[in-house]
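Single-letter residue listing:
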Amino acid sequence: MRLRLLAALALTLAVVAGCVTPEQQRAASSPATTSSPEAAESSSAPAETTTETTTTTPPPTTTTATTQVQAPGWVVGATPLPLGPDGFGQVLPTPPVLRNRALPTRDLLPPPADGRYASTVAPVPDAVLRRSTWQAGCPVRREDLRYLTMSFWGFDGKTHTGEMIVNARVADGVTRVFGTLYEIRFPLEEMRVTARPELDLAPTGDGNNTGAFVCRPTVGATTWSAHAYGLAVDVNPFCNPYLKGKLVLPELASSYVDRKNRRPGMLFAGDRVVRAFAAIGWSWGGAWTSPVDIQHFSATGR
């Protein structure tokens with residue numbers, strides 16, 4: 001499961017990036033936040049949204065301890081990695097400030113006002129579609145996609161509202177899953193639509209965006225990924241990296257290869273998050289043999 005590095009493809013004509021790559025990249029000129037370069041446009045999206053369904057649940061009663069430490073001095077996406085012979089960024093040791101990752105979330109949408117989980121499902125607004133990776137030639141029609149907004153808990157211990165594009169046929173199920181994540185206070189660093197310019201950025205190996213639709217091929221192949229249909233979701237990719245041989249994606253997430261060192265935001269077999277996705281019929285890449293795609297959930301089994 002990782003996003004394809006089209007920048008690397010331009011260099012090698014043969015390299016397909018991992019599922020996390022586009023989501024983990026930021027321009028070097030981005031402000032010192034975890035938000036997208038498209039944040040300003042993103043914040044206007046709800047004004048164009050015609051809501052089809054809205055779900056609200058009571059405040060959560062079950063809590064899971066989350067780290068609320070704000071790690072200072074790290075600008076996500078500011079430092080491109082040197083490329084390895086495979087076209088990916090070099091896999092480097094995790095910087096100390098990211099070994100127990102707890103970066104704050106910048107609000108792109110208004111946070112839930114009453115502390116309750118809320119979600120919306122609507123056609124994808126034109127402005128959102130333009131800044132997404134969708135274009136003519138993608139394997140799914142824009143009419144078959146839906147724009148979601150969902151409440152989530154950040155690593156900063158605060159509630160936030162995220163955005164996501166998914167296939168229309170799984171939209172309601174995905175909002176139920178993230179309702180469970182909200183109930184148990186499972187922390188997410190950010191949840192935003194992957195922007196088209198991100199596909200051309202050099203890898204920085206430090207992204208942690210929870211996202212779904214990205215119009216790209218499967219890792220290491222030329223067939224379309226489940227993400228290209230809006231039928232897959234990646235959850236906290238830095239905390240739950242993609243592993244294949246010596247390759248780790250995001251490339252700075254090596255510390256999180258050690259799954260015995262349990263930290264907030266990590267996924268494990270049989271936990272509430274894995275079970276919530278299983279309840280809507282989705283499979284988990286963390287159960288695969290090779291690659292092991294810990295962040296990846298899909299409705300297609302791949």
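Whatever comes next refers back to the structure up there.
Just so you know, these numbers come straight off a predicted model, no measurement behind them. (Residues numbered from 1 in each chain as written. Predicted model: local features only at pLDDT ≥ 70, side-chain atom pairs only at ≥ 80, totals over all residues. Heavy atoms only, no water.)

The tally for this structure, following the rule as stated, stands at two cavities of 30 Å³ or more. Of the residues assigned to the lining of the second largest cavity, the class counts are five nonpolar, two polar and one charged. (1 Å grid on protein atoms, 1.4 Å probe; cavity = no way out; pocket = protein on both sides within 12 Å on 5 of 7 lines; lining within 4 Å. Points joined across faces, edges and corners; volume = space filled by probe spheres on them. Nonpolar A, V, L, I, M, F, W, Y, C, P; charged D, E, K, R; others polar.)

Our focus in this paragraph is the side chain of Asp206. Tracing the chain through its elements places Asp206 in the loop between helix H5 (171–183) and strand E5 (232–234). Among buried Asp, Glu, Lys and Arg side chains, Asp206 stands out as unpaired, with Arg101 the closest opposite charge at 6.0 Å. Among the polar contacts listed, one links the side chain of Asp206 to the side chain of Trp74, at a separation of 3.1 Å. Of the polar contacts made by the side chain of Asp206, one reaches the side chain of Thr204; its length is 2.8 Å. (Helix = DSSP H or I, 4+ residues; strand = E, 2+ residues; numbered from the N terminus. Buried < 20%, exposed > 50% of the residue type's maximum accessible area, 1.4 Å probe, protein only. Lys, Arg positive; Asp, Glu negative; His and termini not counted. Salt bridge = Lys/Arg side-chain N within 4 Å of Asp/Glu carboxyl O. Polar contact = N/O pair within 3.5 Å; in protein donor to acceptor, adjacent residues only side chain to side chain.)

Counting buried positions along strand E2 (residues 117–123) gives five out of seven residues, so the element sits mostly inside the fold. Note that E2 and strand E3 (residues 145–153) share five bridges and pair antiparallel. Across the sheet, residue Ala122 finds its bridge partner in E3, namely Tyr147. (Pairing = 2+ DSSP bridges.)

To continue, consider the packing of H5 against helix H6 (residues 272–279). Two packed helices can be described by the angle between their axes and the distance between those axes. For the pair H5 and H6, interaxial distance at closest approach is 9 Å and the crossing angle is 160°. Between H5 and H6, the crossing angle belongs to the class labelled roughly antiparallel. Every pair of crossing elements has a handedness; the one defined by H5 and H6 is right-handed. The residues of H6 that touch H5, namely those facing Val177, Phe178, Thr180, Leu181 and Glu183, are Arg272, Val273, Ala276 and Phe277. Across the contact of H5 with H6, the residue classes tally to six nonpolar, one polar and two charged. (Axes fitted to C-alpha atoms, helices over the stretch in contact; angles between N-to-C directions. Parallel < 35°, antiparallel > 145°, perpendicular 65-115°, else oblique. Left-handed = near helix turned anticlockwise from the far one by under 90°. Contact = heavy atoms within 4.5 Å.)

Here we take up the state of the cysteines. Disulfides are covalent bonds that link the sulfur atoms of two cysteine residues. Inspection of the entire model under this criterion finds one disulfide. Cys138 shares a disulfide with Cys215; S-S distance 2.2 Å. Measuring the twist about the S-S bond at about -125°, one finds the Cys138-Cys215 disulfide to be left-handed. With a gap of 77 residues between them, Cys138 in the loop between helix H4 (126–131) and E3 and Cys215 in the loop between H5 and E5 connect regions that are remote in the sequence. A single burial state applies to Cys138 and to Cys215, both of which are buried. (Disulfide = S-S within 2.5 Å.)

Let us now look at the nonpolar core. In this structure, Met164, Val174, Phe178, Phe277 and Phe297 are the most contacted members of the largest nonpolar core, which totals 47 residues. Broken down by secondary-structure element, the contributors of at least two residues to this core are E2, E3, strand E4 (159–167), H5 and H6. With six residues, H5 is the largest single contributor of residues to this core. Excluding residues within four positions of it along the chain, Met164 makes contact with Arg146, Tyr147, Leu148, Met150, Val174, Phe178, Met191, Val193, Thr210, Gly211, Ala212 and Val233. In terms of nonpolar packing, the next biggest core, distinct from the first, is built from 13 residues, Val128, Leu129, Trp134 and Phe213 among them. (Core = buried A, V, L, I, M, F, W, Y, C linked by side-chain atoms within 4.5 Å.)

The subject of this paragraph is the packing of aromatic side chains. Counted according to the given criterion, the structure contains seven aromatic pairs. On the basis of an interplanar angle of 50° and a centroid distance of 5.7 Å, the ring pair of Tyr117 and Tyr182 is categorised as tilted. On the criterion of sequence distance, the pair formed by Tyr117 in strand E2 and Tyr182 in helix H5 is long-range, its members being 65 residues apart. Both residues of the pair, Tyr117 and Tyr182, belong to the buried class. Taking 5.7 Å as the distance between ring centres and 40° as the angle between the ring planes, the aromatic pair formed by Phe277 and Trp282 counts as tilted. (Phe/Tyr/Trp six-rings, centres within 6.5 Å; stacked < 30°, edge-to-face > 60°.)

The next point concerns unusual backbone geometry. A cis amide bond links Leu249 to the next residue, Pro250, at an omega of 0°. Structurally, Pro250 can be placed in the loop between strand E7 (247–249) and H6. Cis geometry is found at the peptide bond from Ser290 to Pro291, where omega equals -5°. Mapping Pro291 onto the fold places it in the loop between strand E8 (283–284) and strand E9 (292–293). Of note, Arg185 is a non-glycine position whose phi angle comes to about 60°, a positive value. Within the secondary structure, Arg185 sits in the loop between H5 and E5. The class for Arg185 is partly exposed, based on a relative accessible area of 27%.

Let us now look at the sheet that holds strand E10 (residues 296–298). Remark on secondary structure: sheet strands pair via backbone hydrogen bonds, oriented parallel or antiparallel. Spatially, the three strands line up as an open sheet ordered E5-E10-E8, and their pairing is antiparallel. Strand pairing shows two members of the sheet lacking a second neighbour, E5 and E8, which therefore form its edges. Note: E8 against E10, two bridges, orientation antiparallel. When the sheet's bridge partners are listed, Ser283 is paired in E10 with Ser298.

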